[in-house]
Amino acid sequence: MKRHLVFVAVMVFFACFHVGGQSLPGLEAAKVDYPITIDGELDEAVWLDDEGWAMDFVQFFPSDTSLSTVKTFIRVAYDAKFLYIGAVMYNRGPREYYVSTSLRRDFRGNQNDGLSIMLDTFNDRTNAYLFGINPYGVQREAMLGNGGLQSADLNLAWDNKWLSAAKIHDDRWVAEIAIPFSTLRYKEGSTNWNVNFYRIDSEYAEKSTWTPIPKNFNVTHVAFTRKLLFPEPLPKAGANVSLIPYTALGASQNTLEGISDPLRPTVGGDAKIGVGPALNLDLTFNPDFSQVEVDEQVTNLDRFEIFFPERRQFFLENADLFADFGTDRIRPFFSRRIGVDRDENTGQNVQNQILYGARLSGKLTDDWRIGTMNMQTANDPLRGIEGKNFAVAALQRKIFNRSNVGLMVVNRESMDTEKGGLAMKNGAHNRLLGLDYNLFSADNRWSGKFFYHKTFEDGDHQDTGTGHASLTFMDTHFAAGLSYSYVGESYNPVVGYTPRVDYQRIAPEVAYLFFPNTGNVNRHGPGFKSETLWNERLGVTDELHSFLYLIRFHSHAEMTFTLNNQYTYLFFPFDPTRMGGEPLAEGTAYRTNFLGFDIRTNPINAFSLRGIGQIGQYYNGNMGSFSGTLQWRLGYLANISMNVSYSRIRLPEPQEDADLLLLGPRVDLTFTRNLFWTTFVQYNNQIDNINVNTRLQWRYAPVSDLFMVYTDNYFPGTFASKQRALVMKLNYWLNL
């Protein structure tokens, strides 16, 4: 293990060199002492003043070397209770139509016209709030973590109440916004925040920002901001207490297990309590997630567990404090483990009731962040399930300019059903201790992650640690990275996601981009990615080497082609079709070559396509596969899409051929800004199942909804039902 630690230490040494950032003129917020009516008119005195406006937006896409082709003007004001934003988004001429994929809250995507405001209230250039509005007045709000390096760092699950209005004119659209200070977390007496604004304009396929951002980065990068200046220190934000009770009525039937739950009511709810200026306490009692959309199924041709993202809102808020420890394949904490357990009668994973939970998260000081969570699940004697207690704690310290170091502790205890109550079973625990260092240079060109985690269980277990080191450099034209991972043979994070253990992995990558001055191509260039996995017992077990070429157009359309060479050693028998055929023998190895592609058409068009696929060798045979989504958008009234996945596998005897098909038509209808209906059907012949999920949502008050959800699973051949459920749920957001 010493040589692994030396490798990590060398990478950390190089990672400690930081490059300075930029400094640009800021924007002064105007103090007002009169009421501002949020109606989209901008007729109050503060908006009629010609001074104090943010303007001269610059292009981010398709270029980053010129002013935007459309003009944007933004002014900020405030009083004792609200932060106000007035914005005017001009066009180059008369325009009546704007692109909005729906009138549903929390829109996302390059195809949506809209304005977004990023507020870094603690000036750490790592975490921020984001508020957005489109020309039809549809809101979105989100939390940004990890500096906004990737699109996944934008967490739209965060909800709160704020006011806004938008109006469309012949040559422009106007927005007026009021954000309660009680909604935000900031240090009392602050005189400045970091801020940036960005606008997406579909007519010219243009993204523009107030603070310039290099085009090779993400538009949500928190490193690229300016100062929002307040002429007087900000007052205490005030109390922020919200109660979100719910009541639900539901019934279900499981034909396979012969279980039927009659129609019965349930109640529960959440509470959000501001603790000081920067901490938030979230409480939940008997939470219900019946309104959460079902997972999008995939054809599973992998030897290991498939990752499905968390969709339950309670676990998504402040997710970066808990979920960003580790890497995508070595996660010490994965919240979907909570509320899921094994039915001892069938051997299947089933939902297990969550009784209650609490989470405290936020800032302790300018440099310290904390996150703690405790969740309790119920005993289920009929299924042989013991209740579990899950406890997670994370402490993070900012160092250098934007980097941080974090400590995580995860503990899962099983309940002792014989003793009853909340008694824990001796020896039935699983614990994890982890230390992470996250590198973000001031100019965003260097990033990296370094960690060591270790699990603890009852008994004598050896080699229970995992270590990782990665360092990435990204400039306008050139990008390169190197990562190394070590996962011990007995490393066992039962509340995490680590699909395989007992390996070492090294993965270099490099890419270069050209930016043509003429033509329809925005950027293009080659790249190389490689990974090799091995262990001391078997030697090299996996390799994947990929040469790729990326082409991205000014229209946001994109194509990537890859030439791949793969090596796989089977250390357990494996059926490549996962359909119950004759498995390939343990100890056999396969070297294959195949071509891959990833194509995305212009998302602004009414018809758009995203498709990925491969063709070539597959273990001891051949495979051609394609998966993608064809989408048809009828303004903001309807989105009709078809998910398709088809794999044609041909293998020599005694293995069997397979044609795997997954079809998923989906219809998303917008009746008004507050009434939506979504129906999702999925046919999957790999698991011999048809799933139907239909959901009606009525937002009868701000952030308050009535849901009606019906789901059913059938056998495709006979249409006999496997299991079905009907739920009606009502929740209400009450600010105290």
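Counting restarts for each chain: residues are numbered from 1 in the order of the written sequence. Given that the model is predicted, a residue must reach a pLDDT of at least 70 before its local features are reported, and side-chain atom pairs must reach 80 or more before they are shown or counted; all residues, however, enter totals for whole chains, interfaces and linings. Working from all heavy atoms in the structure, the side-chain values ignore hydrogens and water.

**Describing a nonpolar patch on the surface**
Logical step 1: A cluster of nonpolar side chains, namely F607, L609, F626, L630, W632, L634, I640, M642 and V667, defines an oily patch on the protein surface of about 710 Å² accessible area.
Logical step 2: Those elements that place two or more of their residues in the nonpolar patch are β33 (607-618), β34 (621-634) and β35 (638-650).
Logical step 3: Per element, the largest residue contribution to the nonpolar patch is 4 residues, and it comes from β34.
Logical step 4: Each helix is a run of H or I in the DSSP string that is no shorter than four residues. Each strand is a run of E no shorter than two, and both are numbered from the N terminus. Within the element layout of this structure, M642 appears in strand β35.
Logical step 5: For each residue, the accessible area found with a 1.4 Å probe, counting protein chains only, is set against the maximum for its type, and the residue is called buried under 20%, exposed over 50%, and partly exposed in between. A relative accessible area of 30% means that M642 is categorised as partly exposed. A patch is a set of surface residues, each over 30% in relative accessible area and not in a salt bridge, joined within 9 Å for like charges and within 5 Å for the nonpolar side chains Val, Leu, Ile, Met, Phe, Trp and Tyr. Each accessible area is a Shrake-Rupley estimate made with a 1.4 Å probe; only the visible protein chains count as cover when residues are assessed. The salt bridge criterion pairs a side-chain nitrogen of Lys or Arg with a carboxyl oxygen of Asp or Glu, the two atoms within 4 Å.

**Some thoughts on the packing of aromatic side chains**
Logical step 1: Stacked, tilted and edge-to-face are the three classes assigned to paired rings of Phe, Tyr and Trp, where Trp is represented by its six-membered ring and a pair needs centres within 6.5 Å; plane angles under 30 degrees give stacked, over 60 edge-to-face, the rest tilted. Counting across every chain of the model gives 35 aromatic pairs.
Logical step 2: A centroid spacing of 5.5 Å and a plane angle of 75 degrees characterise the contact between F571 and F572, whose relative ring orientation is edge-to-face.
Logical step 3: Where F607 meets W632, the ring centres are 5.6 Å apart and the plane angle is 5 degrees; that geometry is what we call stacked. Here F607, found in strand β33, pairs with W632, found in strand β34; they are 25 residues apart in sequence, far enough to count as distant.
Logical step 4: What makes F607 exposed here is its relative accessible area of 52%.
Logical step 5: Grouping aromatic residues by their ring pairs yields a cluster made of Y78, F181, Y186, W193 and F230.
Logical step 6: For the cation-ring pair, K729 lies above Y246, with the distance from its terminal atom to the ring centre recorded as 5.0 Å. In our convention, an over-ring charge means Lys NZ or Arg CZ found within 6 Å of a ring centre and within 35 degrees of that ring's normal.

**A short note on the pairing of strand β13 (residues 206-209)**
Logical step 1: Side-chain alternation along β13 places E206 and S208 on one buried face and K207 and T209 on a second face that is also buried.
Logical step 2: As defined by bridge partners, strand β3 (residues 58-61) adjoins β13 across 3 bridges and the pair is classed as antiparallel. Within β13, the residue paired with F61 across the bridge is K207.
Logical step 3: One bridge is not enough; two strands pair if DSSP finds at least two bridges between them. With 4 bridges joining them, strand β12 (residues 192-201) and β13 adopt antiparallel strand pairing. Counterpart to Y198 in the pairing with β13 is T209.
Logical step 4: Between β12 and β13, which pair antiparallel one after the other, the connecting turn spans 4 residues, and A205 there sits at a positive phi close to 50 degrees.

**What about the pairing of strand β24 (residues 424-440)?**
Logical step 1: Examined bridge by bridge, strand β23 (residues 403-415) and β24 share 11 bridges and lie antiparallel to one another. Each residue of the ladder has a partner; that of N404, found in β24, is N438.
Logical step 2: As paired strands, β24 and strand β25 (residues 446-457) are joined by 11 bridges and run antiparallel to one another. Within β25, the position partnered with L439 by the bridge is G448.
Logical step 3: If you look at the hairpin formed by β24 and β25, you'll find 5 residues sitting between the two strands, and N444 has a positive phi there, around 70 degrees.

**Here's the deal with the sheet that holds strand β2 (residues 30-31)**
Logical step 1: On the basis of which strands lie adjacent, the open sheet formed by 5 strands has the order β2-β4-β5-β11-β10 and mixed pairing. In the strand order of this sheet, the two ends are held by β2 and β10 (163-168), each with one partner.
Logical step 2: By the bridge criterion, 2 bridges tie β2 to strand β4 (residues 72-78) in an arrangement that is parallel. Among the inter-strand pairings, A30 is bridged to a residue of β4, identified as A77.

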